[in-house]
Amino acid sequence: MPRTARDVVFVDGVRTPFGKAGPKGLYAETRADDMVVRAIRELMRRNPSLPPERVDEVAIAATTQTGDQGLTIGRSAAVLAGLPKSVPGYAVDRMCAGAMTAVANTGAGISFGSYDVAIAGGVEHMGRHPMGEGVDPNPRFLADKLVDPSALVMGTTAENLHDRFPQITKERADAYAVRSQQKVAAAYAAGKIQPDLVPTAIRSGEKGWGLATEDEPPRPGTTLDDLAKLKTPFRVHGNVTAGNAAGLNDGATACLMVAEDVARELGLTPKMRLVDFSFAGVEPEVMGVGPVPATEKLLARNALTMDDIGLIEINEAFAVQVLAFLEHFKIADDDPRVNPWGGAIAFGHPLASSGVRLMTQLARQFEERADVRYGLTTMCVGMGMGGTVLWENVNYEGAERSEAK
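Residues numbered from 1 in each chain as written. Predicted model: local features only at pLDDT ≥ 70, side-chain atom pairs only at ≥ 80, totals over all residues. Heavy atoms only, no water.

Notes on the environment of Asn-239
- Among the structural elements, Asn-239 can be located in the loop between helix H7 (224-228) and strand S8 (249-259).
- Considering only alpha carbons, one finds Asn-239 and Gln-361, 122 residues apart in sequence, at a separation of 29 Å.
- In this structure Asn-239 touches Glu-159, His-162, Lys-170, Thr-232 and Asn-244, once residues within four positions along its chain are discounted. (Helix = DSSP H or I, 4+ residues; strand = E, 2+ residues; numbered from the N terminus. Contact = heavy atoms within 4.5 Å.)

Listed below in structure tokens is the structure:
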């Protein structure tokens, strides 16, 4: 029997507060799987009309799938969260775009009719599992000159972007980073971020048990003078510093993806509608430009231009990567559509979990902006990729909704 694609909606998204990786960070003594379990449980608590047995899939991403981030973490987290044993799960890895891929995969399955309800998210405990832990790159990458050696060091790929776009200076990157810190501080002060943070139990050997209730990485008092003094660890007299890049972080995210007709049946309130998604590859040594072709493909396929996009949540792995995206699409560095509540330079970037943070913030912004119809979540991905997801505001008060595709 022929199948008809169904509309898919993002119902809810939550995350743990993000912590700094390392022995003094919030989650130094917290397991990665316990973080994502906390997020899944909070999703179910916040949506009591959803019977747990109606969850058809749990897709959880982790970049370093070992230890407490291994054991097919989607399935193990589902069991640990108390979902029925009948609920399956799996693990996803697309490096930084892991959670974004989990959403895309489950959304496609729902549209096709294979699922009605899915939980998608990601976790990264970079304090326990540093990026690249246990990795054994095939020597042919370099021996056969398939990639430049710099492709294997993310900070060096950002320096390569500065080389490719000399007009994106260190001063311009630092100015962008300061604005990110300021926007996050303003969003916190206005109570924008807190509603979707899951208070998470933590334990410190020195202080005993505690509760993480807000992000640890932000530095709200950051100034341009502060950033100008920082070292450039990836290149002598370089441009990339700890101040104009995301840090090493721990955290978890989860969201609820549902067929729109099923959401109505179960009394769930959609926040935004999934329109389409796209992933694209670029040269690994300039992986930061990945969002550009991914977004171009997506806009072209849906007969849209950047003028149709009212909100953009782009992951701030490095300031230069964001600025290269903005430069390509002729968007001003301080365009109010872009990361209105700040980004990963301030919040932190626990790799595979970050895609759902972008979506959760976009969904909240849609609730406040009935004048905006379309928004993007987009990010660069290690080894030379980019991913972009196109969303439609279910609260849009403009012309009657038409098919974007």
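Structure's up, so let's keep going.
Re the UniProt feature "domain: Thiolase N-terminal" (unreviewed entry) in the chain
- Using the residue numbers shown here, the UniProt feature "domain: Thiolase N-terminal" (unreviewed entry) corresponds to residues 8-261.
- Secondary structure content for residues 8-261 is 31% helix and 19% strand, while the C-alpha to C-alpha distance between its ends is 9 Å. (UniProt positions renumbered as here; feature names shortened; annotations may be inferred.)

Some thoughts on the packing of helix H1 (residues 32-46) against helix H2 (residues 73-80)
- Contact pair H1 / H2: the axes reach a minimum separation of 9 Å and the direction vectors enclose 60°. As summarised for this structure, H1 and H2 are arranged oblique, according to the angle between their axes. In this structure, the crossing between H1 and H2 has a hand that is right-handed. Between H1 and H2, the residues in contact are Asp-33, Val-36, Val-37, Ile-40 and Arg-41 and Ile-73, Ala-77 and Leu-80, respectively. (Axes fitted to C-alpha atoms, helices over the stretch in contact; angles between N-to-C directions. Parallel < 35°, antiparallel > 145°, perpendicular 65-115°, else oblique. Left-handed = near helix turned anticlockwise from the far one by under 90°.)

Quick word on the packing of helix H3 (residues 98-112) against helix H12 (residues 354-368)
- Between H3 and H12, the shortest axis-to-axis distance is 5 Å and the interhelical angle comes to 70°. In terms of their interaxial angle, H3 and H12 are classed as roughly perpendicular. For the pair H3 and H12, the contacting residues are Ala-99, Met-100 and Val-103 in the first and Gly-355, Val-356 and Met-359 in the second.
- Looking at side-chain class alone, the contact of H3 with H12 contains five nonpolar, one polar and no charged residues. (Nonpolar A, V, L, I, M, F, W, Y, C, P; charged D, E, K, R; others polar.)

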